[in-house]
Amino acid sequence: MRGFGRVGLGALAVLAACAGGSGGSDAGLASDASHDTAIPAARLLGRVVRHVSLTPLPEAQVTLASVDSSSFPGMGPRVTGPDGGFVFDDVPEGEYRLDVTRVGHLDASEPVTVVGGRDERVEVALEPRVPGGDACLNCHADASALLASLAADPPPPPTELPEGLGECCGGSVPDRPIHEKVLITMDFAQDAHFGLRACQDCHAGDPSATTRALAHVGLVTDPTADGGGACRPCHGQVVARAQASGHFTLSGKRRAVAIRAGVTGDLPEPLATGFDRHCNRCHATCGDCHVSVPSEAGGGLLKGHAFVKTPPDHLTCVGCHGTRVRDEYQGRNAGPPADIHFEAGRMTCTDCHTGDQMHGPASGDAGDLAARSALAPRCDACHTDDAAFRAVPAHREHRDSEDRLTLSCQACHAAEYKHCYACHVSLDGDGAPTHVSNAATNYVSPLAFRIGRNAEVDAMHPEAWVTVRHIPATPEAFSFYGDGLQPAFDAAPTWRRAAPHTIRRTTARTDHPDGCAAGCHGVRGVFLGPDDLPQDEVVANAAVVVAVPPGSAVP
């Protein structure tokens, strides 16, 4: 085979023989019956590890067989624990053979000598079994073979994206040659998941086929597209949470569309088809974060099919959130500087947005908005509301009768951020889903700053004044699929509470030459006003718009 070479057979190393030595745990392992012998019995302590990386292999079966079975038949099997350890107690002196098996690995059978009266320590290294025989890896583990296959049978060229696609949503990652996107490397050979299943167990297809086209018939490119079915056997609790998370269900966006459609629960047809063809394409699966670049950003393995516990945000998060969040955060837009957390601290997405938030709350609370909100990052996790914080006049003065801040941190500390005004979805001439942003407006995802009233007060966001962003909602967004699909469009605001990623210690409001109040209080352009609303959005935003900006008095 090419690509992955088998380096030796299962190996056994007698590491040491020392009286009273320690090894794998005795917990849960019943001692075999003691044996009458003049020589004291010994204890055999061992560990099963993965070949090369030497990481522990739990759930391997270890059997001790006597070479001279007439005197002593042997012991076992023992099942290795999380540390790969196993123990055989009361082993008579003699010559034995250790037989070790584990799903996804080549069996190992090695001799071992037990000397009476002292403990023996051993370590067995198992080599991963090549999944699916050699067929899949003959191409996917060999760059030359992949290039030759692609040259002989080139894939169709990528579809040209229409103008406006991705202007206000989506993102991009550094592109790579197509063969590198599907190249399985030694990173995966050293991964604990390697060899647990054959390639076709997750990806289907036909590894015995002689051509790429035949081998890929029925191919499942993302085995986690169903919400993590391939991950569930080992990560059941996390999968249960992720299946109900906003990343997988797009529950927040779906709920907003349902409100405007005047329904609760499932979206009606043909709105449901339009939503799933377009909006739902951006949902994230387990694989989109932990194995590959999101498919909407071009796909491609992150690390040669190795599973990455903490997703690299420059290849995963920005694939979906790049055009707005990354550009804001890293200062890529013309004008506003980078967010201070990036500029000074080089903080990444996962420094604030933890796995708990990405996977969602415990399954019992999957539909609980408050539970999901509680997992979101908070400014006061780092910037404690203590005496030093309150020593800042604005922090002390902008409080209500219950001593809570009346405006969000972003209301003072965010610079301008992106807004989007319309999105219209459709199918192109070839029947492929597409969308156009802002075509019917004079806006092109402008940079702006607005404070509005908080129309969505909850435990996480109790402030009366918050930064708001215009979202790409329009009554005609789904008109390609039918007329009047959002009859209750006014039931949800088009200016929503925002968490801009443009945070600065000083902004145009905090650093005004005449003081903080002069940069904000009574300034029409700072607050969402009636003139910011087209006629068909007045009713929808009645709870958000600020008809008269707060004056010189502290709000």
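Rules behind the numbers
- Residues numbered from 1 in each chain as written.
- Predicted model: local features only at pLDDT ≥ 70, side-chain atom pairs only at ≥ 80, totals over all residues.
- Heavy atoms only, no water.
- Helix = DSSP H or I, 4+ residues; strand = E, 2+ residues; numbered from the N terminus.
- Contact = heavy atoms within 4.5 Å.
- Expected span 1.5 Å × (residues − 1).
- Bend = angle between axes of the 7 residues up to and from the residue.
- Polar contact = N/O pair within 3.5 Å; in protein donor to acceptor, adjacent residues only side chain to side chain.
- Buried < 20%, exposed > 50% of the residue type's maximum accessible area, 1.4 Å probe, protein only.
- Lys, Arg positive; Asp, Glu negative; His and termini not counted.
- Salt bridge = Lys/Arg side-chain N within 4 Å of Asp/Glu carboxyl O.
- pLDDT = per-residue confidence, 0-100.
- Pairing = 2+ DSSP bridges.
- Axes fitted to C-alpha atoms, helices over the stretch in contact; angles between N-to-C directions.
- Phe/Tyr/Trp six-rings, centres within 6.5 Å; stacked < 30°, edge-to-face > 60°.
- Arc of directions from axis to C-beta.
- Core = buried A, V, L, I, M, F, W, Y, C linked by side-chain atoms within 4.5 Å.

Draft legend 1. Local environment of the overall build of the protein chain. A tally of regular secondary structure across the protein chain gives 19 helices and 15 strands. Relative to all contacts within the protein chain whose residues are 6 or more apart in sequence, the contacts with residues 24 or more apart total 67%.

Draft legend 2. Fine view of helix α12 (residues 317-329). Helix length check: α12, at 13 residues, gives a terminal C-alpha distance of 12 Å against a target of 18 Å (1.5 Å per residue), a shortfall beyond 12%. Of all bends in α12, the biggest is about 80°, found at threonine 323. Once α12 ends, the next one or two residues include glycine 331, with phi positive near 70°.

Draft legend 3. The side chain of histidine 419, seen in detail. Of note, histidine 419 is situated in the loop between β9 (417-418) and β10 (423-427). In this structure the side chain of histidine 419 is engaged in a polar contact, spanning 3.1 Å, whose partner is the backbone nitrogen of histidine 470.

Draft legend 4. Up close: the side chain of aspartate 313. Mapped onto the elements, aspartate 313 comes out in the loop between α11 (286-290) and α12. Of the buried charged residues, aspartate 313 lacks a salt bridge, with arginine 326 as the closest side chain of opposite charge at 9.6 Å.

Draft legend 5. Representation of the confidence of the model for the protein chain in the model. In the predicted model, the protein chain carries a mean pLDDT of 83, and the fraction of residues at 70 or more is 86%. When mean pLDDT is compared element by element in the protein chain, strand β13 (residues 451-453) scores highest at 97, while strand β1 (residues 11-17) scores lowest at 32. Confidence drops under a pLDDT of 50 for residues 1-37, and excluding neighbours within four residues, the segment shows 82 contacts in the predicted structure. Predicted confidence for residues 161-166 stays below pLDDT 50, and this span has seven contacts to residues more than four positions away or in other chains.

Draft legend 6. Layout of the sheet that holds strand β14 (residues 465-470). Strand order in this open sheet of three strands is β13-β14-β15, and the pairing throughout is antiparallel. Here the strands that pair on one side only, and so sit at the sheet edges, are β13 and β15 (495-497). Averaged over all pairs of adjacent strands, the angle between their axes in this sheet comes to 60°, without regard to strand direction.

Draft legend 7. Quick look at the pattern of salt bridges. Overall, the coordinates contain 21 salt bridges when judged by the stated rule. A salt bridge links arginine 97 to aspartate 99, with the shortest nitrogen-to-oxygen separation between them at 3.0 Å. Here arginine 326 and aspartate 327 are joined by a salt bridge, their closest N and O atoms 3.4 Å apart. Here aspartate 327 falls in the buried class, since its relative accessible area comes to 15%.

Draft legend 8. Local environment of the packing of aromatic side chains. Under the defined criterion, the tally for this structure stands at seven aromatic pairs. Between tyrosine 421 and tryptophan 495, the ring centres sit 6.4 Å apart and the planes meet at 80°, which makes this aromatic pair edge-to-face. With a gap of 74 residues between them, tyrosine 421 in the loop between β9 and β10 and tryptophan 495 in strand β15 connect regions that are remote in the sequence. As far as the burial class goes, tyrosine 421 and tryptophan 495 line up, both buried. Here phenylalanine 480 and tyrosine 481 contribute two aromatic rings whose centre-to-centre distance is 5.1 Å and whose plane-to-plane angle is 80°, an arrangement assigned as edge-to-face. Take phenylalanine 480: its relative accessible area is 43%, and that puts it in the partly exposed class.

Draft legend 9. Up close: the sheet that holds strand β3 (residues 61-66). Taken in spatial order, the four strands make up an open sheet running β4-β3-β6-β7, and their pairing is antiparallel. Each end of this open sheet is capped by a strand with a single partner; those strands are β4 (74-79) and β7 (108-114). For this sheet, the mean angle separating the axes of adjacent strands, direction not counted, is 20°. Pairing between β3 and β4: four bridges, direction antiparallel. Across the sheet, valine 62 pairs through a bridge with arginine 78, a residue of β4.

Draft legend 10. Region of interest: the environment of threonine 316. Following the sequence through the fold, threonine 316 ends up in the loop between α11 and α12. Distance from threonine 316 to serine 295, taken between C-alpha atoms, is 9.8 Å for residues 21 residues apart in sequence. Non-local contacts of threonine 316, meaning those with residues more than four positions away in its chain, are made with Asp288, Cys289, Ser292, Pro294, Leu302 and Pro311. Looking at threonine 316, its side chain comes within polar contact range of the main-chain oxygen of proline 312, at 2.8 Å.

Draft legend 11. Quick peek at helix α2 (residues 143-152). Taken residue by residue, α2 has Ala145, Leu146, Ser149 and Leu150 as its buried positions. Across the axial projection of α2, the buried residues extend over an arc of 130°, all falling on one side. Opposite the buried face of α2, by more than 90 degrees, sit the exposed residues Ser144, Ala151 and Ala152. Residues of α2 that are buried sit in contact with α1 (135-140), α3 (178-181) and α6 (212-215).

Draft legend 12. The arrangement of the nonpolar core in detail. Among the nonpolar cores identified, the biggest contains 21 residues, and Leu44, Val48, Leu64, Phe88, Val91, Leu98 and Val100 are the most heavily contacted of them. Breaking this core down by element, the ones donating at least two residues are β2 (42-50), β3, β5 (85-91), β6 (94-101), β7 and β8 (120-126). Counting residues in hydrophobic clusters, the runner-up holds 15 residues, among them Ala261, Leu267, Phe275 and Phe478.

Draft legend 13. Region of the structure containing unusual backbone geometry. Here glycine 76 and proline 77 are connected by a cis peptide whose omega angle stands at 0°. The residue proline 77 is located in strand β4 in this model. With an omega of 0°, the peptide bond running from glutamate 269 to proline 270 counts as cis. Topologically, proline 270 is positioned in the loop between α9 (251-261) and α10 (271-277). Here the phi dihedral of leucine 250 falls at roughly 50°; this positive angle occurs in a residue that is not glycine. Examined against the element boundaries, leucine 250 turns out to sit in the loop between α8 (246-249) and α9. One non-glycine residue with positive phi stands out, namely arginine 346, at about 50°. Of the residues examined, arginine 346 reaches a relative accessible area of 53% and is grouped as exposed.

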